[in-house]
Amino acid sequence: MNTQILQFNTKNIRLCAAEISCGGVVAFPTETVYGLGADALNPLAVKKIYEAKGRPSDNPLICHISDKSQIEKFAYLTPAAEKIIDTFMPGPITIILKKKDIVPDIVTGGLDTVGIRMPNHKGALQFIDACKTPICAPSANTSSKPSPTTAQHVYSDLNGKIKYILDGGSCQVGLESTIVDCINLTLLRQGGLPKEQLEALVGALKTNVVSDVPLCPGMKYKHYSPNASVYVALCGENMTKRIIAEYDKSDVKTIILTLGGNYQGRNTLNVGATVSQYAHNLFAYFRMLDEQGYERIICEGVTDDGVGAALMNRMLKASGGKII
Ligand code: AMP
Ligand code: MG
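Residues numbered from 1 in each chain as written. Chains lettered and ligands numbered in written order. Predicted model: local features only at pLDDT ≥ 70, side-chain atom pairs only at ≥ 80, totals over all residues. Heavy atoms only, no water.

## Quick notes on the overall build of the protein chain
Counted only if it meets this: By the criteria applied, helices consist of DSSP H or I runs no shorter than four residues and strands consist of E runs no shorter than two, each listed in order from the N terminus. The atom set for the radius of gyration is the C-alpha atoms, and the globule formula is 2.2 Å times the number of residues raised to the power 0.38. Note on exposure labels: buried denotes an accessible area under 20% of the residue type's maximum, exposed denotes more than 50%, and partly exposed covers the range between, all computed with a 1.4 Å probe on protein chains only. Any two residues whose heavy atoms approach within 4.5 Å at even a single point are treated as in contact. Note on areas: Shrake-Rupley with a 1.4 Å probe; residue coverage comes only from the protein chains shown. Charge counting treats Lys and Arg as positive and Asp and Glu as negative, with His and both chain ends excluded. Where a charge lies is defined by one atom per residue type: Lys uses NZ, Arg uses CZ, Asp uses CG and Glu uses CD.
Within the protein chain, the secondary structure is distributed over eleven helices and 15 strands. Its C-alpha atoms give the protein chain a radius of gyration of 19 Å, near enough to 20 Å, the size a compact globule of 324 residues would have. Its C-alpha atoms give the protein chain principal-axis dimensions of about 60 × 50 × 35 Å. By the burial criterion, 55% of the 324 residues in the protein chain qualify as buried. Considering only contacts within the protein chain whose residues lie at least 6 apart along the sequence, 68% involve residues at least 24 apart. Total accessible area on the protein chain stands at roughly 13,700 Å², and carbon and sulfur atoms take up 49% of it. With 33 positive and 30 negative side-chain charges, the protein chain shows a separation of 3 Å between the mean positions of the two kinds.

This is the structure:
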């Protein structure tokens, strides 16, 4: 199969919507990362997502909608969900609700709940709207690799496995959505919408989830990893200087990602002036550094609040918890 990267325009949106109607899969941009979408109500189409990604089938997918009124068709609302929908949708937030029978088991990995999200991305909303069905999608990468934040990333992982990639340029947030279970008021994944904003609206959220089924990505499976070994430096100025001094001379091809270019050595790379820019660039840099043959990536840690919490979560997952 030849994979085509398509410009976002009315003609190509129609072409991709037709592909979805025929039971195909299409990669599309959102404000978080690129998604690999299929008709959520067509189990045979959904199966193709798992095949293309090499994703374990007990890891559920998120249903993307273009209109809030669609949610009630697929799930039972809760008071917390209604508040979140009114306040934060469209946006980088996924709500987990008890599913209605119309949602096939393959979408939810056999769970009796469903994840629902409305992306804050004009093109994504036009595409979902044109499909006239909810589009279930995980990130459009090969399972375990860093999530794709450009059409080119999708192409390098899925070339030959899918027909079309809608190209919307680089994703604004660059990290996946925040996931909140609106039945048990539990935060399942840190993401683009900071926990503090959610808690200001719905009160304190639980976070300590222990479960045998993968309620959230990364809980059971390796995630977000480049080929290079990743380490997180829990910083403070002196420590960062020490790390730069120590690893700058190393034989292993090493790069140190720093926030705002505060510290400069031979092998340091400024990932962005702000935590949001760092988050926006992280996955793209992981992929770029792999292409450049780096064997070790050391990430400067950031303060664990706002988007920084999601960024730290992804860096620690990518490192397998290796802190220096
Ligand atoms: P991705 O963002 O690529 O990891 O794919 C979607 C993610 O959404 C899954 O890995 C799950 O963590 C999450 N998700 C989807 N549906 C559910 C659900 N019913 N319960 C908990 N998490 C879910
Ligand atoms: Mg993913």
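## Digging into the sheet that holds strand 14 (residues 268-272)
Note the threshold: Here, a strand pair is defined by DSSP locating no fewer than two bridges between the strands. Axes, fitted as lines to C-alpha atoms, cover a helix only where it is in contact. Angles between the N-to-C directions of the axes lie from 0 to 180 degrees.
The strand order across the open sheet formed by four strands is 12-15-13-14, and the pairing between neighbours is parallel. Looking at the sheet topology across the chains shown, the edges are occupied by strand 12 (229-233) and strand 14. Going from strand to strand, the sheet's axes swing by 25 degrees on average, the running direction of each strand aside. Two elements, strand 12 and strand 15 (residues 296-300), share five bridges in a ladder whose sense is parallel. Bridge assignment links V232 to a residue of strand 15, and that residue is C299. In the packing of helix 10 (residues 275-291) onto the sheet, the strands contacted are strand 12, strand 13 (254-259), strand 14 and strand 15, and the crossing angle to strand 14 comes to about 130 degrees. Of the strands in this sheet, strand 12 and strand 15 are in contact with helix 11 (residues 307-319), which crosses strand 12 at around 135 degrees.

## A short note on the pairing of strand 6 (residues 93-99)
Here is the key point about a regular strand: its side chains alternate between the two faces of the sheet. The element strand 6 is largely enclosed, with a buried count of six among its seven residues. Where strand 5 (residues 75-76) lies against strand 6, two bridges are found, and the strand directions are antiparallel. Each residue of the ladder has a partner; that of Y76, found in strand 6, is K98. Bridge analysis of strand 6 against strand 10 (residues 178-181) gives four bridges, and the strand direction is parallel. Bridge pairing links I93 to T178 in strand 10. Of the pairings in the sheet, the one linking strand 6 to strand 7 (residues 113-117) comprises five bridges and is antiparallel in character. Bridge pairing in strand 7 links K98 to T113.

## Observations regarding the nonpolar core
Inclusion rule: To qualify as a nonpolar core, a set must consist of buried Ala, Val, Leu, Ile, Met, Phe, Trp, Tyr and Cys residues joined through side-chain atoms within 4.5 Å.
Among the nonpolar cores identified, the biggest contains 46 residues, and L36, I84, I93, I95, I162 and L198 are the most heavily contacted of them. The set of elements that each furnish at least two residues to this core consists of strand 3 (35-39), helix 2 (43-53), helix 3 (71-74), helix 4 (79-88), strand 6, strand 7, helix 7 (151-158) and helix 8 (195-202). If near-sequence neighbours (up to four positions away) are discounted, L198 is found in contact with I84, F88, I93, T178, V180, L187, L193, G203 and L205. Counting residues in each nonpolar core, the second largest holds 25 residues, with I255, V271, F283 and V302 among its members.

## Focus on the packing of aromatic side chains
To keep it simple, the criterion reads: Any two rings among Phe, Tyr and Trp, with Trp reduced to its six-membered ring, count as a pair given centres within 6.5 Å; such a pair is stacked if its planes are under 30 degrees apart, edge-to-face if over 60, and tilted if neither. Whether a charge lies above a ring is judged from NZ of Lys or CZ of Arg, which has to be within 6 Å of the ring centre and within 35 degrees of the ring normal.
Tallied over the entire structure, the rule returns one aromatic pair. The interplanar angle of 45 degrees and the centroid separation of 5.2 Å between the aromatic rings of F28 and F127 together place this pair among those described as tilted. In this pair, F28 is assigned in strand 2 (residues 26-28) and F127 in helix 6 (residues 122-131), connecting sequence segments 99 residues apart. On the basis of relative accessible area, F127 is assigned to the buried category, the value being 0%. The ring of Y294 has K253 lying over it, and the distance from NZ or CZ to the ring centre is 4.5 Å. Positioned above the aromatic ring of Y231 is the side chain of K322, whose terminal nitrogen or guanidinium carbon lies 5.2 Å from the ring centre.

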